[in-house]
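Spelled out from the first residue to the last, the chains are:
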Amino acid sequence: MYREIMMTAYLASATACDLKWQRIPNELILFGYLLAAFCRCSEEGIWGLVKGLLCGTATIAMLYFFYLAGAVGAGDIKLFSVIGAVYGIGFMWANAFYALLAAGAAALAFALWKRQLFIRFYLLFSHISACIRCRRFVSYSALEQEGYLHFALYISLGYLFIFCFRKELP
């Protein structure tokens, strides 16, 4: 139970940093890796530390494509890698799924509130057709007009959803 409380506090601080400075400092990421090492060593010994290191590294490798495509920032990937190092890759993917659901719901609510739903879909489909036409990823400029997406908030919400509604955490 202490692991979940520490991770909740850690993700809250990462979200606060993201909201204030629009970035997650590397010092905070380093603290997350130390937290992961402490949790893994205390529960599984040295083998747990090795598993945590492998899961964190594999998470970065798997999500690096999304960073190259411009879908997430480097801090978000590092934050996911901390989650992967603490809980494992399966938990990290579940967290990513719920984070994307939360971000999508927030984006839909924002588009409805601003009465921009149809223009947003038009821009999205125009972007997809531009990627197909050019046969490569094209920068999605519609996001740049609206400002910064604080994805650490949605990562934290995805974690809290799993924490509150799953019967048993890994």
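Note: the structure precedes this text.
So, how was this worked out
Residues numbered from 1 in each chain as written. Predicted model: local features only at pLDDT ≥ 70, side-chain atom pairs only at ≥ 80, totals over all residues. Heavy atoms only, no water. Helix = DSSP H or I, 4+ residues; strand = E, 2+ residues; numbered from the N terminus. Buried < 20%, exposed > 50% of the residue type's maximum accessible area, 1.4 Å probe, protein only. Contact = heavy atoms within 4.5 Å. Areas by Shrake-Rupley, 256 points an atom, 1.4 Å probe, with all protein chains shown as cover. Lys, Arg positive; Asp, Glu negative; His and termini not counted. Charge placed at Lys NZ, Arg CZ, Asp CG, Glu CD. Axes fitted to C-alpha atoms, helices over the stretch in contact; angles between N-to-C directions. Left-handed = near helix turned anticlockwise from the far one by under 90°. Nonpolar A, V, L, I, M, F, W, Y, C, P; charged D, E, K, R; others polar. Core = buried A, V, L, I, M, F, W, Y, C linked by side-chain atoms within 4.5 Å. Salt bridge = Lys/Arg side-chain N within 4 Å of Asp/Glu carboxyl O. Patch = residues over 30% accessible without salt bridge, like charges linked within 9 Å, V, L, I, M, F, W, Y side chains within 5 Å.

## A word on the overall build of the protein
Step number 1: Tallying secondary structure elements over the protein gives 7 helices and 0 strands in all.
Step number 2: Of the regular secondary structure in the protein, the N- to C-terminal order runs α-α-α-α-α-α-α.
Step number 3: In terms of its C-alpha atoms, the protein occupies a principal-axis envelope of roughly 55 × 35 × 30 Å.
Step number 4: The buried share of the protein, reckoned over its 170 residues, is 35%.
Step number 5: Within the protein, residue pairs in contact and separated by at least 24 positions form 69% of the contacts whose partners lie at least 6 positions apart.
Step number 6: Of the accessible surface of the protein, which amounts to about 10400 Å², a share of 70% is contributed by carbon and sulfur atoms.
Step number 7: Placing the 14 positive and 9 negative side-chain charges of the protein at their respective mean positions leaves the two points 9 Å apart.

## So, the packing of helix α2 (residues 26-68) against helix α4 (residues 89-113)
Step number 1: One way to put it is that α2 packs onto α4 with a least axis distance of 10 Å and a crossing angle of 35 degrees. Once α2 is placed against α4, the crossing between them reads as right-handed. Residues Cys55, Ala58, Thr59, Met62, Leu63 and Phe66 of α2 form the contact with α4, whose participating residues are Ile89, Met92 and Trp93.
Step number 2: In terms of residue class, the contact of α2 with α4 is built from 8 nonpolar, 1 polar and no charged.

## Details of the nonpolar core
Step number 1: Core analysis: the biggest nonpolar cluster contains 32 residues, and Met7, Tyr10, Leu79, Phe80 and Phe151 have the highest contact counts within it.
Step number 2: When contributions to this core are tallied by element, the ones reaching two or more residues are α1 (2-21), α2, α3 (74-87), α4 and α7 (151-165).
Step number 3: Per element, the largest residue contribution to this core is 8 residues, and it comes from α3.

## Observations regarding the pattern of salt bridges
Step number 1: Applying the stated rule across the entire model yields 4 salt bridges.
Step number 2: Here Glu4 makes a salt bridge to Arg3, at a shortest N to O gap of 3.7 Å. In this pair, the class of Glu4 matches that of Arg3, namely buried.
Step number 3: Connected through salt bridges with shared partners, the residues Arg3, Glu4 and Glu43 form a single ionic network.

## Observations regarding a nonpolar patch on the surface
Step number 1: Together, Ile46, Trp47, Leu49, Val50 and Leu54 make up a nonpolar patch on the protein surface, roughly 510 Å² of accessible area in all.
Step number 2: Tracing the backbone through its elements, the reader meets Leu54 in helix α2.
Step number 3: Under the relative-accessibility criterion, Leu54 is labelled exposed at 53%.

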